[in-house]
Amino acid sequence: MLYVQKEVKSLLTKREAADISDIDHYEESNEDIKIQVVNLNFFYGTKQAIKNVNVDIYRNRITAIMGPSGCGKTTFLRCINRMHDFYKDIRYDGSIYLYPEKINIIDKKVDPIQIRMRFGMVFQKPNPFPKSIYENVAYGLRIRGVKDKNVLDEKVEEALRNTALWEEVKDRLHENAYTLSGGQQQRLCLARAIAVDPDILLLDEPTSALDPISTAKIEELLLQLKNKLTIIIVTHSIHQASRVSDYTMFMYFGELIEYDRTQKIFINPSHKLTEKFISGAFG
């Protein structure tokens with residue numbers, strides 16, 4: 001544990017030295033809450049996958065969700081934009097409030113399609129559509145009724161610039177997205193997600209299939225994007241959580257074991273299970 005603490009502390013110190021995210025310099029308030037999860041339970045049939053989770057997620061911050069495989073990280077993430085509604089025999093209990101309106105996302109009266117339009121999502125493996133680079137980014141805008149070519153051109157370029165992809169693809173926008181490398185495809189998926197100006201960006205292991213250089217590019221982009229978005233990222237990598245997140249959730253068998261500022265979680269965790277996970281005792 002001591003070795004891992006020293007290594008993570010070094011990473012956190014580098015972040016502060018680079019003025020990326022010195023979280024000792026801010027205090028959150030109730031007005032900063034973007035998502036408030038209250039007594040959330042989720043069931044696949046009779047199997048309970050999420051157990052009484054309570055957490056406040058703050059706007060313009062990156063919140064990492066970590067824990068061993070099968071602990072409920074992805075299940076929790078998909079509760080937030082109601083992706084589970086695509087499947088039969090599922091059930092939510094509790095509340096997930098989206099601020100500032102304080103809409104209960106999982107209220108049966110709330111249209112899940114309208115809720116999903118407030119979110120952008122990037123999955124574990126790059127999943128570009130079998131369309132051109134341009135049409136991949138424009139897709140969500142077209143779905144929302146944007147037809148003006150000038151507006152589309154502007155939004156596509158903006159999204160590609162925000163994901164550091166514009167200079168690499170500006171002369172090949174009408175080529176198939178599958179001609180891009182894996183790292184470029186994932187940045188394209190990120191551009192597609194942010195082109196529609198979502199409130200919140202959800203990422204499910206977005207760099208697990210990428211090489212270290214592509215991973216570093218994605219992480220750098222996330223640190224820039226949090227100035228505009230609230231970001232929640234599921235990750236297996238404790239190092240990634242320490243590098244990019246302001247807050248960290250540690251989950252275990254569907255329960256939220258610990259949630260705190262990332263520095264606190266990694267340097268001085270409150271729960272023995274958290275300490276064991278960070279030390280590599282299990283995972």
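Whatever comes next refers back to the structure up there.
Keep in mind the model is a prediction, meaning the values are calculated, not measured.

Draft legend 1. Inspection of the packing of helix α5 (residues 149–162) against helix α7 (residues 182–194) at higher detail. Here α5 crosses α7 at 130 degrees, and the two axes come no closer than 8 Å. The angle between α5 and α7 falls in the class oblique. Every pair of crossing elements has a handedness; the one defined by α5 and α7 is right-handed. Here α5 contributes Ala159, Leu160 and Asn162 to the contact with α7, which in turn contributes Leu188, Ala191 and Ile194. Of the residues contributing to the contact of α5 with α7, the split by class is five nonpolar, one polar and no charged.

Draft legend 2. Just the sheet that holds strand β7 (residues 200–204), in detail. One open sheet holds the six strands; their spatial order is β6-β7-β8-β3-β9-β10, and the pairing between them is mixed. At either margin of the open sheet sits one strand with a lone partner, and together these are β6 (119–122) and β10 (255–261). The average undirected angle you get between the axes of adjacent strands in this sheet is 15 degrees. Judged from the six bridges that link them, strand β9 (residues 247–252) and β10 form a sheet pairing that is antiparallel.

Draft legend 3. Structural context of the pattern of salt bridges. In the structure shown here, the tally under the stated rule is 18 salt bridges. A salt bridge links Lys170 to Glu167, with the nearest nitrogen and oxygen atoms 2.9 Å apart. Between Lys217 and Glu168 there is a salt bridge, and its shortest N-O distance comes to 4.0 Å. Here Lys217, found in helix α8 (residues 212–225), pairs with Glu168, found in helix α6 (residues 166–169); they are 49 residues apart in sequence, far enough to count as distant. Taken together, the shared-partner salt bridges connect Lys34, Glu101, Arg118 and Asp199 into one network.

Draft legend 4. Layout of the packing of aromatic side chains. For the structure shown, the criterion picks out seven aromatic pairs. For the ring pair Phe42 and Tyr44, a centre distance of 4.9 Å and an interplane angle of 90 degrees mean the geometry is edge-to-face. With a relative accessible area of 0%, Phe42 lands in the buried category. Relative to Phe253, the ring of Tyr252 has its centre 4.7 Å away and its plane inclined at 80 degrees; by these criteria the two rings are edge-to-face. Of the residues examined, Tyr252 reaches a relative accessible area of 24% and is grouped as partly exposed.

Criteria and cut-off values
- Residues numbered from 1 in each chain as written.
- Predicted model: local features only at pLDDT ≥ 70, side-chain atom pairs only at ≥ 80, totals over all residues.
- Heavy atoms only, no water.
- Axes fitted to C-alpha atoms, helices over the stretch in contact; angles between N-to-C directions.
- Helix = DSSP H or I, 4+ residues; strand = E, 2+ residues; numbered from the N terminus.
- Parallel < 35°, antiparallel > 145°, perpendicular 65-115°, else oblique.
- Left-handed = near helix turned anticlockwise from the far one by under 90°.
- Contact = heavy atoms within 4.5 Å.
- Nonpolar A, V, L, I, M, F, W, Y, C, P; charged D, E, K, R; others polar.
- Pairing = 2+ DSSP bridges.
- Salt bridge = Lys/Arg side-chain N within 4 Å of Asp/Glu carboxyl O.
- Phe/Tyr/Trp six-rings, centres within 6.5 Å; stacked < 30°, edge-to-face > 60°.
- Buried < 20%, exposed > 50% of the residue type's maximum accessible area, 1.4 Å probe, protein only.

By themselves these figures say nothing about function.
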